[in-house]
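Summary of the model geometry
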Amino acid sequence: MAKIIDDKPRPTAKDRLNDTVDAVQGSQAWSSIFRPGSIFRKGYTDSPRNRSYVIMNSVLYHLHPVKVKRHAVKVSYTLCLGGLSFFLFILLTVTGIFLMFFYRPEATAAWNDIANLETSVTFGLLVRNMHRWGAHLMVLAVFLHMARVFYHGAYKPPREFNWVIGVILLTLTLLLSFTGYLLPWDQLALWAVAVGTEMMGFTPVFGQEVRFVLLGGAEIGSETLLRWYVLHVLFLPFIIVIFMAIHFWRVRKDGGISGPL
Ligand code: HEM
């Protein structure tokens, strides 16, 4: 009887590796993670269509349009001041969360918590100063960004709505700065807030009511601290994030950055 000889070449280790890569890249799990246009997809080619997909399918990149005007990506045009304002906001959020682990908004504890943070907590002094300087820098960056937008006449149609959103963002930035100022509960903070709320008491018609709401009582005290703490760490950041989202969305809808001059 004739012997059957299998003359098919045996797969090498390289072939087996290629088969495995093909199987993984062809799987539903893989293609659900790496969307069309990703270089990790099977058969990726560097085409204009795939380049567009890279932008459209990335959670971060899709904030940018697929095509941008040449002048808009020049750092010298925007000075990246809007981006810097946003970066500082992120920095303040991260450092702020760190500070929240060591701070209690109670009149008897607040000042001591800050003092302990500076002396006994690892990196406490550094993070507190990053938060403080970041806050000052954000006010400066937002103001300079507004000046840049004004200089380029970007407040004119079709961007007038975004200018108004910007004014709201500036107000919220200042309010965040001011509410944070009270939290160390030192003499500087106490008297700054006393003066600020006293001034708000002169608001026409319902001045006293505004003052009462802000102080959480007739005069500055533990209730004021709790109220301003909630405003500072929760309420105002929540509102500013919503307005930032509208602001960025409008930049896209208004046809990207204005100009060139
Ligand atoms: C938290 C504060 C703010 C953030 C994070 C922010 C962020 C940005 C970013 C990232 C851009 C894209 C261009 C660029 O970087 O310059 C932009 C554009 C713009 N922003 Fe702001 N912004 C803020 C406050 C303001 C303020 C206070 C105003 C004006 C009152 C304003 C008005 C505008 C306008 C009109 C544009 C379009 C500019 C153009 O087309 O040239 N923004 N903003």
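Small disclaimer: the values here were computed from a predicted structure and weren't measured. (Residues numbered from 1 in each chain as written. Predicted model: local features only at pLDDT ≥ 70, side-chain atom pairs only at ≥ 80, totals over all residues. Heavy atoms only, no water.)

With that settled, the discussion passes to unusual backbone geometry. For residues besides glycine, phi is generally negative; the peptide bonds are generally trans as well. With an omega dihedral of 5 degrees, the bond running from P157 to P158 counts as a cis peptide bond. Turning to its location among the elements, P158 is positioned in the loop between α7 (124-151) and α8 (160-182). A positive phi is found at L79, a non-glycine position, where the angle reads about 55 degrees. If you trace the backbone, L79 turns up in the loop between α4 (75-78) and α5 (81-100). One non-glycine residue, V205, adopts positive backbone phi at about 65 degrees. (Helix = DSSP H or I, 4+ residues; strand = E, 2+ residues; numbered from the N terminus.)

This paragraph deals with the coordination of the iron atom of the ligand. Bound to the iron atom of the ligand are the protein donor atoms H145 (NE2) and H247 (NE2), situated 2.0 to 2.1 Å from the metal. In this structure, the iron atom of the ligand is coordinated by 6 donor atoms arranged in octahedral fashion, with angles at the metal of 87 to 179 degrees. Here H145, found in helix α7, pairs with H247, found in helix α11 (residues 222-253); they are 102 residues apart in sequence, far enough to count as distant. (Donors = N, O, S within 2.8 Å, 3.2 Å for Na, K, Ca; no water. Tetrahedral: all angles 85-135°; square planar, octahedral: opposite > 155°, others 65-115°.)

So, about the site of the ligand. Neighbouring the ligand are 26 residues; H145, R148, R159, H247 and S258 lie closest to it. Contacts to the ligand include G82, whose backbone N or O atom sits 3.3 Å from an oxygen atom. In this structure, R148 approaches the ligand through a side-chain N or O atom, which is 2.9 Å from an oxygen atom. Spatially, the ligand is embedded in the largest pocket. Of all the secondary-structure elements, those providing two or more residues to the shell around the ligand are α5, α7, α8 and α11. (Near = heavy atom within 4 Å. Polar contact = N/O pair within 3.5 Å; in protein donor to acceptor, adjacent residues only side chain to side chain. 1 Å grid on protein atoms, 1.4 Å probe; cavity = no way out; pocket = protein on both sides within 12 Å on 5 of 7 lines; lining within 4 Å. Sits in = over half its atoms within 2 Å of the grid points.)

Okay, α8 next. For the α-helix, the turn length of 3.6 residues means that residues three or four positions removed from each other point alike. In this model, α8 (23 residues) spans 34 Å end to end at C-alpha, consistent with the 33 Å of a helix rising 1.5 Å per residue. When α8 is considered as a whole, its buried residues turn out to be N162, I165, G166, L169, L170, L172, T173, L176, T179, G180 and L182. (Expected span 1.5 Å × (residues − 1). Buried < 20%, exposed > 50% of the residue type's maximum accessible area, 1.4 Å probe, protein only.)

Summed over all chains, the structure comprises 9 aromatic pairs. When the ring of F150 is compared with that of W163, the centres are 6.5 Å apart and the planes differ by 45 degrees; the resulting orientation is tilted. Note that F150 is positioned in helix α7 and W163 in helix α8, a separation of 13 residues in sequence. One aromatic cluster is present, built from ring pairs that chain together W30, F34 and F40. (Phe/Tyr/Trp six-rings, centres within 6.5 Å; stacked < 30°, edge-to-face > 60°.)

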